[in-house]
Amino acid sequence: MYLGTYAKKSPDKPAVINATTEAVLTYRELDDASNQFAQFLYAKGLRRGDHIALFMENNVKFFVVVWAAFRSGLYVTTINRYLTAEEAAYIANDCKAQALVTTFALREVATELSALICNCPYRLMTDGTIDGWENFEDTIGAYPTEKLAEEWRGDSMLYSSGTTGRPKGVKRPLADQKIYEAPGLQEDFQITENSIYLSPAPLYHAAPFAFTTGTLHKGATVVMMEKFDPVEALRCIEKYKITHSQWVPTMFIRMLKLNEEDRAGWDLSSHRIAVHAAAPCPVDIKRQMIDWWGPILIEYYAGSENNGTTIITSDEWLDHPGSVGRPENGILHICDDDGVELPAGERGTIYFEQEVMPFEYHNAPEKTRDAQHPLHPNWSTLGDIGYVDDEGYLYLTDRKAYMIISGGVNIYPQEIENALVLHHKVADVAVFGVPDPDMGEEVKAVVQVAPGETSNDALEAELIAWARKRLAHYKVPKTIDFMAELPRLPTGKLYKRILRDKYLEDLSV
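Keep in mind that this is a model prediction, so the values were computed, not measured.

Caption draft 1: Here's a closer look at unusual backbone geometry. A positive phi angle, close to 65°, is found at Asp-127, a residue other than glycine. Here Asp-127 lies in the loop between β6 (122-126) and β7 (134-135). Judged by relative accessible area, Asp-127 falls into the partly exposed class, the value being 41%. At Lys-241, a residue that is not glycine, the phi angle is positive and equals roughly 55°. One can find Lys-241 in the loop between α8 (230-240) and β12 (244-247). With a relative accessible area of 56%, Lys-241 lands in the exposed category.

Following this line, the structure appears as structure tokens:
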């Protein structure tokens, strides 16, 4: 269905609730304001295929900007709200945004940003304003709430996090559809008009962006947390009678490591579907979550780039622990470094076959080619390594870029991280390879200890002994270092490249 339909059918129904401030955006308010912004953009000359950008914390007005783009046939680029002005400007300039919307909460960065985006003529700020920025509410308030004469379906053009270099814009061809013809979320996730969806992650990230906007396509309600907190997330499930939610494995780990008093006593009976993705989930962690929440977890594997998706239910996962499911979209292939397809059980690069290449990296044709199979240009990869079993279930191993080669043997850091993070004294862990004169690379682990624990030589020895009981000897870290806090994005993604580069710099000194 369509936003305008819900605005007429249930005008006062909450479309979005900010769980932190309890601010509410109704369907009528979302429809009216997004129409006004769409009218503004059209009056300023933006047409189908043009770009706008959004630099915003989790704020209900995020959805006003996104829906204006969606109903105008525009690309919208959401910029990580934690970036510096220079980093944000790179993305705004690279996507050629003709309008950029930010918030008064980000005014310090916006002050610098304004001078760095000279080719972006329309700069608007919500919830207040500063020099160099127009007031968003006043500006769009001068435009009618009627929909555009033609509401072509727009799309997102999101950027990679930049953990392996400059961020890359993932551009898909615009669908030849009107916005009211958009399909919305897959039926696997069972979201209906009566659903209440909890989003505990940053909205600028691909998965929360897709699921929250997809939830609104269905006429349901989005409950948005400004930032993740394990106890607050459980409180939200009870308070708002959440039916659906989405998580990343680090969130599960943090909830499971709560003390019994903080975990117990919440009424989670409304919770029917808990979706998770973004990184492989340690088997023991997922098993504990199913024991706690019941068989309501649905895991998927996908990326902004390709249209390939695998999905697995809890019941399937219990029969295939560690799997991320079988393909729902696209044909799955596992290939070696020469592009030769591998049989079941052998690890290689994961490709999805589509009728045509489903995306390109904006302004980066060489990176687009790198994501294509050497022999089949309609097969694309995210750079992940994995294998399939005899029944076609996919298992993720790691990112190809993070694979360690020690003595000619391939070692996958994710497996080691999954083992170490289960130790009760470990809050977070990163594993990567560092140079070794004899073996080429050795396994290095960096650990963030749990609150109240002390990092010392005794703990290092304890963790290495723990790893030896669970891993082959060649996978066990030679040494473990400790860090107060590992550099993770709010999405849960680890900036492993930053850590590894620091070690390489220290070794070269």
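Caption draft 2: Region of the structure containing the sheet that holds strand β11 (residues 221-224). Spatially, 9 strands are ordered β2-β1-β11-β10-β12-β13-β14-β15-β16 in an open sheet, and the strand pairing comes out mixed. Each of the sheet's edge strands pairs with one partner strand only, and the pair in question is β2 (24-26) and β16 (326-329). Direction aside, the axes of adjacent strands within the sheet are offset by 25° on average.

Caption draft 3: How the structure looks around the packing of helix α9 (residues 249-256) against helix α11 (residues 283-293). α11 packs onto α9 with a crossing angle of 60° between their chain directions and a minimal axis gap of 10 Å. Helix-helix and strand crossings are classified by hand; for α9 and α11 the assignment is left-handed. Of α11, the residues touching α9 (which contributes Phe-252, Ile-253, Met-255 and Leu-256) are Ile-285, Gln-288, Met-289, Trp-292 and Trp-293. Taken together, the residues of the contact of α9 with α11 sort by class into 8 nonpolar, 1 polar and no charged.

Caption draft 4: Just the pattern of salt bridges, in detail. Counted by the stated rule, this structure contains 17 salt bridges. The partner of Lys-9 in a salt bridge is Glu-193, and the shortest N-O contact between them spans 2.9 Å. In this pair, Lys-9 sits in helix α1 (residues 3-9) while Glu-193 sits in the loop between β9 (170-171) and β10 (196-199), placing the two residues 184 residues apart along the sequence. In this structure Glu-193 comes out as partly exposed when scored by relative accessible area, which is 21%.

Caption draft 5: The arrangement of the side chain of Ser-270 in detail. Along the chain, Ser-270 turns up in the loop between α10 (260-263) and β13 (273-276). A residue is classified by how much of its surface remains accessible, and Ser-270, at 19% relative accessible area, is buried. Only 2.7 Å separates the side chain of Ser-270 from the backbone oxygen of Ile-242, close enough to count as a polar contact. Excluding residues within four positions of it along the chain, Ser-270 makes contact with Ile-237, Lys-241, Ile-242 and Thr-243.

Caption draft 6: Geometry of the layout of surface pockets. The volume enclosed by the second largest pocket comes to roughly 460 Å³. With 4 residues, the single largest contributor to the lining of the second largest pocket is helix α14 (residues 413-420).

Caption draft 7: Seen up close, the state of the cysteines. Taken as a whole, this structure holds 0 disulfides when the rule is applied. In this structure Cys-95 is not part of a disulfide, and its nearest cysteine sulfur, from Cys-120, lies 8.2 Å away.

Caption draft 8: Structural context of the sheet that holds β7. Taken in spatial order, the 6 strands make up an open sheet running β7-β6-β5-β3-β4-β8, and their pairing is parallel. With one partner strand each, in any of the chains shown, β7 and β8 (155-156) form the two edges of the open sheet. By the bridge criterion, 2 bridges tie β6 to β7 in an arrangement that is parallel. Bridge pairing in β7 places Met-125 opposite Asn-135. Set on the sheet, helix α2 (residues 27-43) makes contact with β3 (51-55), β5 (99-103) and β6; between it and β6 the angle comes to about 160°. With respect to the sheet, helix α3 (residues 62-70) is in contact with β3, β4 (75-79), β5 and β8, its orientation differing from that of β3 by roughly 170°.

About the thresholds
Residues numbered from 1 in each chain as written. Predicted model: local features only at pLDDT ≥ 70, side-chain atom pairs only at ≥ 80, totals over all residues. Heavy atoms only, no water. Helix = DSSP H or I, 4+ residues; strand = E, 2+ residues; numbered from the N terminus. Buried < 20%, exposed > 50% of the residue type's maximum accessible area, 1.4 Å probe, protein only. Pairing = 2+ DSSP bridges. Axes fitted to C-alpha atoms, helices over the stretch in contact; angles between N-to-C directions. Left-handed = near helix turned anticlockwise from the far one by under 90°. Contact = heavy atoms within 4.5 Å. Nonpolar A, V, L, I, M, F, W, Y, C, P; charged D, E, K, R; others polar. Salt bridge = Lys/Arg side-chain N within 4 Å of Asp/Glu carboxyl O. Polar contact = N/O pair within 3.5 Å; in protein donor to acceptor, adjacent residues only side chain to side chain. 1 Å grid on protein atoms, 1.4 Å probe; cavity = no way out; pocket = protein on both sides within 12 Å on 5 of 7 lines; lining within 4 Å. Points joined across faces, edges and corners; volume = space filled by probe spheres on them. Disulfide = S-S within 2.5 Å.

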